[in-house]
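Residue-level listing of the chains:
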Amino acid sequence: KAGVTQTPRYLIKTRGQQVTLSCSPISGHRSVSWYQQTPGQGLQFLFEYFSETQRNKGNFPGRFSGRQFSNSRSEMNVSTLELGDSALYLCASSLAAEGTGELFFGEGSRLTVL
Amino acid sequence: EDQVTQSPEALRLQEGESSSLNCSYTVSGLRGLFWYRQDPGKGPEFLFTLYSAGEEKEKERLKATLTKKESFLHITAPKPEDSATYLCAVFSGSARQLTFGSGTQLTVLP
């Protein structure tokens, strides 16, 4: 079956711009979570959605937001980009909510902020 | 606050040379400990979930074990294709989110 699909795979933005990243989970998976991965901080939890509801949010500023649609597809948005937002953004889906199950990750969207 | 510490940061092995990776954790109410493998340019790939102290799981050359304070990922007779970054993560009832360690970058030389 198809895995988790993230688009775009690569993008370059400048400071102050905003960006929207998309994630299509594995068919049947209702939980989608987002992570930021950087060399210095590693993988950090952004937020999790289950059945269109945000279940949990990590310790990131309000510039980071997300949503989930009725078909379980999810988007995350970062507004007023800063240089430090350059990272690999990973989406993961699972059958269970709240990360208690096995996570299936996409290949990520690599964001570079200039 | 949940904390996960992995050691060593990097490990180089000769093909066939067995070793172990360590994951120490501090959590309030562990609900699961997870091991993932990440290849360069890819997302992490799930390997194991361990739920309680004493539990062990095996998959090919990998064996994961869990105590009340740490987990080990044992690699027996590794091959070059085992080269990757191995990530440990915990999920607790208090944090209700996965907390990842910084990973161990394993290189297996032929």
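Above: the structure in question.
Cut-offs used in this document
Residues numbered from 1 in each chain as written. Chains lettered and ligands numbered in written order. Predicted model: local features only at pLDDT ≥ 70, side-chain atom pairs only at ≥ 80, totals over all residues. Heavy atoms only, no water. Core = buried A, V, L, I, M, F, W, Y, C linked by side-chain atoms within 4.5 Å. Buried < 20%, exposed > 50% of the residue type's maximum accessible area, 1.4 Å probe, protein only. Helix = DSSP H or I, 4+ residues; strand = E, 2+ residues; numbered from the N terminus. Polar contact = N/O pair within 3.5 Å; in protein donor to acceptor, adjacent residues only side chain to side chain. Contact = heavy atoms within 4.5 Å. Buried area = accessible area lost by both parts, 1.4 Å probe. Salt bridge = Lys/Arg side-chain N within 4 Å of Asp/Glu carboxyl O. Nonpolar A, V, L, I, M, F, W, Y, C, P; charged D, E, K, R; others polar. Pairing = 2+ DSSP bridges.

Colleague: Explain the nonpolar core to me, please; I cannot follow it from the model alone.
Modeller: Nonpolar side chains in soluble globular proteins tend to be buried together. Core analysis: the largest hydrophobic core is formed by 22 residues, its most contacted members being Leu33, Trp35, Leu73 and Tyr86 of chain B. Where this core is concerned, the elements lending two or more residues are strand S2 (10-14), strand S3 (19-26), strand S4 (30-38), strand S5 (45-50), strand S7 (62-66), strand S8 (70-75), strand S9 (84-92) and strand S11 (104-109) of chain B. Among the elements that make up this core, the one with the highest residue count is S9 of chain B (4 residues). Counting residues in each nonpolar core, the second largest holds 21 residues, with Leu21, Cys23, Ile26 and Ala87 of chain A among its members.

Colleague: Help me out: how do you make sense of the side chain of serine 109 of chain A in this one?
Modeller: Residues and elements named next belong to chain A. Looking at where serine 109 falls in the secondary structure, it is placed in strand S11 (residues 109-113). Relative accessible area serves as the criterion here: at 0%, serine 109 is assigned to the buried category. Within the structure, the side chain of serine 109 is placed 2.5 Å from the backbone oxygen of proline 8, a separation counted as a polar contact. Here serine 109 is in contact with Gln6, Thr7, Pro8, Arg9, Leu21, Ala87, Leu88 and Tyr89, once residues within four sequence places are set aside.

Colleague: Please explain the interface of chain B and chain A as it appears in this structure.
Modeller: Residue-level contacts link 17 residues of chain B with 20 residues of chain A. Looking only at chain B, the three residues that lose the most surface to chain A are Arg96, Gln97 and Phe100 of chain B, adding up to 30% of its buried area. Summed over the shared surface of chain B and chain A, the number is 1 salt bridge. Lysine 42 of chain B is the salt-bridge partner of glutamate 107 of chain A, the closest N and O atoms lying 3.0 Å from each other. Here chain B is connected to chain A by 3 residue pairs in polar contact (both at pLDDT 80 or more). Contributions of two or more residues to the side of chain B that touches chain A are made by S4, S9 and strand S10 (98-100) of chain B. Among the elements that line the side of chain B that touches chain A, the one with the most residues is S4 of chain B, at 4 residues. Class assignment of the residues belonging to the side of chain B that touches chain A gives a composition of 10 nonpolar, 4 polar and 3 charged.

Colleague: Honestly, the pairing of S9 of chain B in this entry has me stumped. Any pointers?
Modeller: The two faces of a sheet get side chains in turn, since along a regular strand they alternate between them. All names here are of chain B. Across the 9 residues of S9, 8 count as buried, placing the element largely inside the fold. Bridge count for S4 against S9 is 8 bridges, and the pairing is antiparallel. Among the inter-strand pairings, leucine 33 is bridged to a residue of S9, identified as valine 90. Bridging between S9 and S11 involves 3 bridges; their strand directions are antiparallel. Each bridged residue has a counterpart across the sheet, and for tyrosine 86 the counterpart in S11 is threonine 104. As paired elements, S9 and S10 share 3 bridges and run antiparallel to each other.

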